[in-house]
Amino acid sequence: SENAVVQRFGDFSRTQTQAGMGYHIPWPVESVTKINVTEDRRITIGFGDSLGRGSRMRSDVSEESLMLTSDANIVDIDVVVLWNISDAQDFLFNIKNQEDTVKRVAESTIREVVGQTKLQPIITTGREDVSVRAKELTQKTLDSYGAGIAIKQILIQDATVHPNVMEAFDDVVAAGQDAERFQNEANIYKNDILPKARGEAIKMMQEAQGYKEARVARAT
């Protein structure tokens, strides 16, 4: 599962990627850094995991989890980023603080995608779309850094309306439901009254026509 990155006098020399016998000139001429390139690594955004009393404890990190949607609502979102190393040399030399870089890039891209999406899809059926778009944008950004990192998956584990705006959100939902109900009632009334009005108009026109013909006949 490991690649061996060999440096000669501190400069990159070669990467041993194949299993089997390998050797290098001893230090101080050459040094070796072994990197596991198959391990799936995990980063959390919006919450923290810790072990306590034999079970995993979960704590909210509000400065990461609170994000603004395109319709100016606040969503509380928890995300897991799964990634591994695609190129040991690039991973070792092209970026510093690799795990922190992955987290910062992923959080930034998730905020961008959430900021382009309305609240309702995020908390209901649109999570998968947000996850896919965030994964693609995160990978594109890391590739531009030459980071040697592959984003395997971005998972939205939880997405809820923030408690501070829950009451206002409920009012919006209720108003939407009322609007739909009023529209349905109006359509029912329209469908009932229009045929009656058309029938009444035809009746009046026929009566007027009959009256006209009667008066003309009497005058003649």
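Residues numbered from 1 in each chain as written. Predicted model: local features only at pLDDT ≥ 70, side-chain atom pairs only at ≥ 80, totals over all residues. Heavy atoms only, no water.

Engineer: Tell me about the overall build of the protein, and name the residues and values.
Structural biologist: A count of helices and strands for the protein gives 6 helices and 9 strands. The C-alpha atoms of the protein give 33 Å as radius of gyration, which overshoots the globular expectation for 220 residues (17 Å, by more than 25%). For the protein, the C-alpha atoms occupy an extent of roughly 130 × 45 × 25 Å along the three principal directions. The proportion of buried residues among the 220 residues of the protein is 29%. Of all intrachain contacts in the protein linking residues separated by at least 6 positions in sequence, the fraction that spans at least 24 positions is 67%. (Helix = DSSP H or I, 4+ residues; strand = E, 2+ residues; numbered from the N terminus. Rg over C-alpha atoms; globule rule 2.2 N^0.38 Å. Buried < 20%, exposed > 50% of the residue type's maximum accessible area, 1.4 Å probe, protein only. Contact = heavy atoms within 4.5 Å.)

Engineer: Describe the nonpolar core, listing the residues and the values that go with them.
Structural biologist: Ranked by size, the top nonpolar core spans 33 residues in total, and within it V81, W83 and I149 carry the most contacts. Taken together, the elements giving at least two residues each to this core come down to β4 (41-45), β8 (74-85), α2 (88-93), α3 (98-115), α4 (119-123), α5 (127-145) and β9 (149-161). If sequence neighbours within four positions are ignored, W83 has contacts with E39, D40, R41, R42, I43, F91, E99, V102, I149, A150, I151 and K152. (Core = buried A, V, L, I, M, F, W, Y, C linked by side-chain atoms within 4.5 Å.)

Engineer: For unusual backbone geometry, give the residues involved together with the corresponding values.
Structural biologist: Look at the link from W27 to P28: it is a cis peptide, with omega at 15 degrees. Positive phi is not limited to glycine here, since F9 has a value of about 50 degrees. Along the polypeptide, F9 turns up in the loop between β1 (2-8) and β2 (11-16). On the basis of relative accessible area, F9 is assigned to the exposed category, the value being 64%. The backbone phi angle of N97 is positive, close to 50 degrees, even though this residue is not glycine.

Engineer: How would you explain the environment of G46 if you had to name every residue and give the values?
Structural biologist: Along the chain, G46 turns up in the loop between β4 and β5 (47-52). With near-sequence residues (within four places) excluded, G46 lies in contact with D60, V61, E64, S65, I77 and D78.

Engineer: Can you lay out α5 for me, pointing to particular residues and giving the numbers?
Structural biologist: In an α-helix, one turn spans 3.6 residues, which is why side chains three or four residues apart end up on the same side. In this model, α5 (19 residues) spans 27 Å end to end at C-alpha, consistent with the 27 Å of a helix rising 1.5 Å per residue. Restricting attention to buried positions, one finds in α5 the residues V130, S131, A134, T138, Q139 and L142. Taken down its axis, α5 places every buried residue within 155 degrees of arc, on the same side. Away from its buried face, by an angle of more than 90 degrees, α5 presents the exposed residues E136, K140 and S144. Along its buried surface, α5 packs onto α3, α4 and β9. Phi turns positive, to about 65 degrees, at G146, one or two residues after α5. (Expected span 1.5 Å × (residues − 1). Arc of directions from axis to C-beta.)

Engineer: Give a detailed account of the sheet that holds β1, specifying residues and quantitative values.
Structural biologist: Taken together, the 3 strands give an open sheet; going across it, the order is β2-β1-β3, and neighbouring strands pair in antiparallel fashion. Because the sheet does not close on itself, it has two edges, and the strands there are β2 and β3 (30-36). Pairwise comparison of adjacent strand axes, ignoring direction, gives a mean angle of 25 degrees for this sheet. By the bridge criterion, 7 bridges tie β1 to β3 in an arrangement that is antiparallel. Paired with N3 across the strands is I35, a residue of β3. (Pairing = 2+ DSSP bridges. Axes fitted to C-alpha atoms, helices over the stretch in contact; angles between N-to-C directions.)

Engineer: Pulling in residues and values, what's your account of the pairing of β1?
Structural biologist: Of all 7 residues making up β1, 5 are buried, and the element is well covered by its neighbours. With 5 bridges connecting them, β1 and β2 associate as antiparallel partners. Each residue of the ladder has a partner; that of A4, found in β2, is Q16.

Engineer: So what's going on with the pattern of salt bridges? Which residues, and what values?
Structural biologist: Oppositely charged side chains can form a pair if their charged atoms are brought close together. Throughout the structure, instances matching the rule amount to 7 salt bridges. Put simply, E39 and R41 hold a salt bridge, and the shortest N to O gap is 3.9 Å. Taking the shortest distance from any N to any O, the salt bridge between R133 and D129 comes out at 3.2 Å. In this pair, R133 and D129 are both assigned in helix α5, 4 residues apart and thus about one turn of the helix distant. (Salt bridge = Lys/Arg side-chain N within 4 Å of Asp/Glu carboxyl O.)

Engineer: Outline the layout of surface pockets, supporting the account with residue identities and numerical values.
Structural biologist: One number sums up the size of the largest pocket: a volume of about 290 Å³. Around the largest pocket, the lining comprises 16 residues; the ones closest to its centre are A4, Q16, G20, G22 and K34. Those elements that provide at least two residues to the lining of the largest pocket are β1, β2 and β3. For the lining of the largest pocket, the leading source of residues is β1, giving 4 residues. (1 Å grid on protein atoms, 1.4 Å probe; cavity = no way out; pocket = protein on both sides within 12 Å on 5 of 7 lines; lining within 4 Å. Points joined across faces, edges and corners; volume = space filled by probe spheres on them.)

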